[in-house]
Amino acid sequence: MTSGEERRIQELELLYKISSILNQSLDFENVAHPVLQTVESVMGVEHATLTLYNRHTGEISIEIAEGLSSRQASKGRYKVGEGITGRVVETGKPIIIPSVGKDPNFLDRTGRGKDENKAFLCVPIIMEQEVVGALSADERNPDEAYLNDQIRLLEIVAQMLATAVKLRRQAREENEILKAENERMAMELKARFQPDNIIGRSGAMQQVYTQIDQVAKSPMPALVVGEVGTGKGLVAEAIHYRSDRSGKPFVRVHCAALPESVLERELFGSEKGALIGVANEAPGRVEQADGGTLFLDEVAELTPNLQIKLLRLLQDGEMERVGARFPKKVDVRVIVATTKNLQQLVEAGSFREDLYYQLHIVPIYVPALRKRKTDIVLLADHFVEHYCRMVGKNVRRLARGTIEMLMSYPWPGNVRELENAIERAVLVADGDVIYPHHFPPTIQTDETSGTPVSGNLKLMVDAYERDIICDALKSAKGKVAVAARALSTTPRILAYKIKNLGINEEEYKK
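Here the structure is a predicted model, which means the values were calculated and not measured. (Residues numbered from 1 in each chain as written. Predicted model: local features only at pLDDT ≥ 70, side-chain atom pairs only at ≥ 80, totals over all residues. Heavy atoms only, no water.)

**Brief notes about helix H10 (residues 304–316)**
Residue pairs three or four apart in sequence face the same way in an α-helix, which turns once every 3.6 residues. Between its terminal C-alpha atoms H10 stretches 18 Å, which fits the 18 Å expected from 13 residues at 1.5 Å a residue. The complete set of buried residues in H10 reads Leu306, Gln307, Leu310, Leu311, Leu313 and Leu314. Along the long axis of H10, the arc covered by the buried residues comes to 160°, so they all point the same way. On the buried face of H10, the contacting elements are helix H8 (260–268), helix H9 (285–288), strand E9 (293–297), strand E10 (318–319), strand E12 (333–338) and helix H12 (353–359). With its phi angle positive at about 70°, glycine 317 sits one or two positions after the end of H10. (Helix = DSSP H or I, 4+ residues; strand = E, 2+ residues; numbered from the N terminus. Expected span 1.5 Å × (residues − 1). Buried < 20%, exposed > 50% of the residue type's maximum accessible area, 1.4 Å probe, protein only. Arc of directions from axis to C-beta. Contact = heavy atoms within 4.5 Å.)

Below is the structure:
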């Protein structure tokens, strides 16, 4: 039997086996491996590989490859026109590389080696005049006289696989579009669930936003718990403005700010002539909030008498003005806030148990700032922008040392303390950058800012110079000459100071 006859028999065997596989299914998952294994066994090649071209990303990636690990396959990614596979997809024409070790265009992204005794064959997979992918294989110790026959066989196999490959690519692209759409919708939902009046993207705050959205849909009382300065009032506002009462009044009362007699009149109002010197009736905050929301801050400070009146308002929707003979119906949604542990107050006998259970239906716990450190710089930037607008300054950013100081400080006063500190820093800043020394001494300690506030004068000056130079290098992306011009000094002087202060300008070039 002549070699030509042997080749024809080999070709018929290959086509018969592949036809049998494809007749069973056009599902890519079911046919890809058997087809590639058949190509290798009949044609005597290795590393038979199918790549797909993604029209949306413009990327060509290995979908399946015989003899390659998943890690190697993941590295096989190309742009159109890049490498041999990229050129095949770009031109729609097959390419033969007789010796991959001698051809600079063979990139070997998968790391299987640039062996001079190995050929690389790659053909396009075309469906309806569109290149949908590529089929390739390696041939060790090739007989160059038969490489054209091998490439022709690969072209036939590629044509037989075209329909399955196109369906696979279509499914992959649809999945990617669906994934992108799901991610976009998730981001939209997150943005929608984040109230406009609250700053924060940490995981702890995302949980608060979810609770706000859940509670806003309910007419039941809500309890907001958190330390001083965490923003409990902002959470109460967010609940109100996301509820169906958003068009009605939001009335705030601080229960710790007034004595009992005054607070009772403030809350429930008084009848005409009920009090000396009060000639007319005076509606209270509860009536002012009718149809809307009443927010009671520091509810734990209510006296037993006022706790009873609040319980009646929650249970029956009724209230009585001071001096009134009959109760009055009101439609008020009550939100309360406290810094104290109400359960402990119940156990101590200073807070009514029945009122506690009325309020504790859906508690929202607002995290302390030290537990949401990823929000600190976000909040600081927001306050800088806010107070710059108020005082007409143009502070652009926080120095590196300032950010480190803000992140290390424990913030016992939470967001309110941070806001006050930024307001002060904006007022005293004399340039467009805020440095640690612009903050109160209680914040700029040795441990938090790296800037000694007392003691050795040289250390204090060095720390101040370091901050300014590091900030200039950051703006100049590590270029000493540019930083020197910004600081109105010479590159030689600045380089000397950089060396003496132990600053590594290379890290600013990254």
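More follows now that the structure is in view.
**Overview of the nonpolar core**
Counting 34 residues, the largest nonpolar core has Val35, Val39, Leu50 and Leu135 as the members making the most contacts within it. For this core, the elements supplying multiple residues, two or more each, are helix H1 (3–24), helix H2 (28–43), strand E1 (46–54), strand E5 (118–127), strand E6 (130–140) and helix H5 (147–193). Ranked by the residues each element gives to this core, the list is headed by H5, at ten residues. For leucine 135, the contacting residues outside a window of four places in its chain are Leu36, Thr49, Leu50, Leu121, Cys122, Val123, Ile125, Leu154, Val157 and Ala158. Core analysis: the next-biggest nonpolar cluster, separate from the first, contains 32 residues, Cys255, Leu267, Phe351 and Leu359 among them. (Core = buried A, V, L, I, M, F, W, Y, C linked by side-chain atoms within 4.5 Å.)

**Section: the sheet that holds E6**
Read from one edge to the other, the open sheet built from six strands follows the order E3-E2-E1-E6-E5-E4, with strand pairing classed as antiparallel. Two strands lie at the open edges of the sheet, namely strand E3 (77–79) and strand E4 (95–97), each paired on one side alone. Taking each pair of neighbouring strands and ignoring which way they run, the sheet shows an average axis angle of 25°. Strand direction decides the pairing type here: strand E2 (residues 59–65) and E3, joined by three bridges, are antiparallel. Its bridge partner lying in E3, serine 61 is registered against arginine 77. Of the strands in this sheet, E1, E2, E3, E4, E5 and E6 touch helix H4 (residues 83–91), which is tilted by about 30° from E5. (Pairing = 2+ DSSP bridges. Axes fitted to C-alpha atoms, helices over the stretch in contact; angles between N-to-C directions.)

**Concerning the side chain of threonine 230**
For threonine 230, the position within the fold is in the loop between strand E7 (222–225) and helix H7 (232–241). In this structure threonine 230 comes out as buried when scored by relative accessible area, which is 5%. In terms of polar contacts, threonine 230 uses its side chain to reach the backbone carbonyl oxygen of glutamate 227, at 2.8 Å. Once residues within four sequence positions are removed from consideration, threonine 230 is found in contact with Val366, Pro367, Ala368, Arg372, Asn414 and Val415. (Polar contact = N/O pair within 3.5 Å; in protein donor to acceptor, adjacent residues only side chain to side chain.)

**Some remarks on H8**
Listed in full, the buried residues belonging to H8 are Leu263, Glu264, Leu267 and Phe268. One side of H8 carries all its buried residues, which in axial view fall inside an arc of 105°. Residues of H8 that are buried make contact with strand E8 (250–254), H9, E9, H10 and E10. Just downstream of H8 lies glycine 269, where phi reads positive at about 75°.

**Some words on the packing of H8 against H10**
It is at 10 Å that the axes of H8 and H10 come closest, and there the two elements cross at 15°. By the angle between their axes, H8 is roughly parallel relative to H10. Judged by the sense of rotation from one axis to the other, the crossing of H8 with H10 is left-handed. Note on element contacts: H10 touches H8 through Asn305, Leu306, Lys309 and Leu310, opposite Glu260, Leu263, Glu264 and Phe268. (Parallel < 35°, antiparallel > 145°, perpendicular 65-115°, else oblique. Left-handed = near helix turned anticlockwise from the far one by under 90°.)

**Section: empty space enclosed by the protein**
Enumeration over the complete set of coordinates arrives at two cavities of 30 Å³ or more. Approximately 150 Å³ is the volume found for the largest cavity. Together, 14 residues line the largest cavity, and Tyr78, Thr85, Phe106, Arg112 and Phe120 are the ones closest to its centre. Elements represented by at least two residues in the lining of the largest cavity include exactly E1 and H4. Among the residues forming the lining of the largest cavity, the class breakdown is six nonpolar, five polar and three charged. Here the second largest cavity is characterised by a volume of approximately 40 Å³. Taken together, Leu267, Phe268, Val286, Leu294, Leu296, Leu302, Leu306, Leu310 and Leu313 make up the full set of residues lining the second largest cavity. Mapped onto the lining of the second largest cavity, the elements with two or more residues apiece are H8, E9 and H10. Top element by residues in the lining of the second largest cavity is H10. It accounts for three residues. In the lining of the second largest cavity, the residues fall into nine nonpolar, no polar and no charged. (1 Å grid on protein atoms, 1.4 Å probe; cavity = no way out; pocket = protein on both sides within 12 Å on 5 of 7 lines; lining within 4 Å. Points joined across faces, edges and corners; volume = space filled by probe spheres on them. Nonpolar A, V, L, I, M, F, W, Y, C, P; charged D, E, K, R; others polar.)

**A look at the packing of aromatic side chains**
For the coordinates displayed, the defined rule picks out five aromatic pairs. Aromatic side chains tyrosine 409 and tryptophan 411 sit 4.6 Å apart centroid to centroid with 85° between the ring planes, which places their arrangement in the edge-to-face category. The exposure classification of tyrosine 409 matches that of tryptophan 411, with both residues buried. The ring of phenylalanine 268 is capped by lysine 309, whose NZ or CZ atom sits 5.4 Å from the centre of that ring. (Phe/Tyr/Trp six-rings, centres within 6.5 Å; stacked < 30°, edge-to-face > 60°. Lys NZ or Arg CZ within 6 Å of the ring centre and 35° of its normal.)

**So, the pattern of salt bridges**
Counted according to the given criterion, the structure contains 24 salt bridges. The salt bridge involving arginine 312 is made with glutamate 318; its shortest N-O contact spans 3.2 Å. Under the relative-accessibility criterion, arginine 312 is labelled partly exposed at 30%. In this structure, the salt-bridge partner of arginine 372 is aspartate 375, at a minimum N-O distance of 3.0 Å. Overall, aspartate 375 belongs to the buried group, its relative accessible area being 1%. (Salt bridge = Lys/Arg side-chain N within 4 Å of Asp/Glu carboxyl O.)

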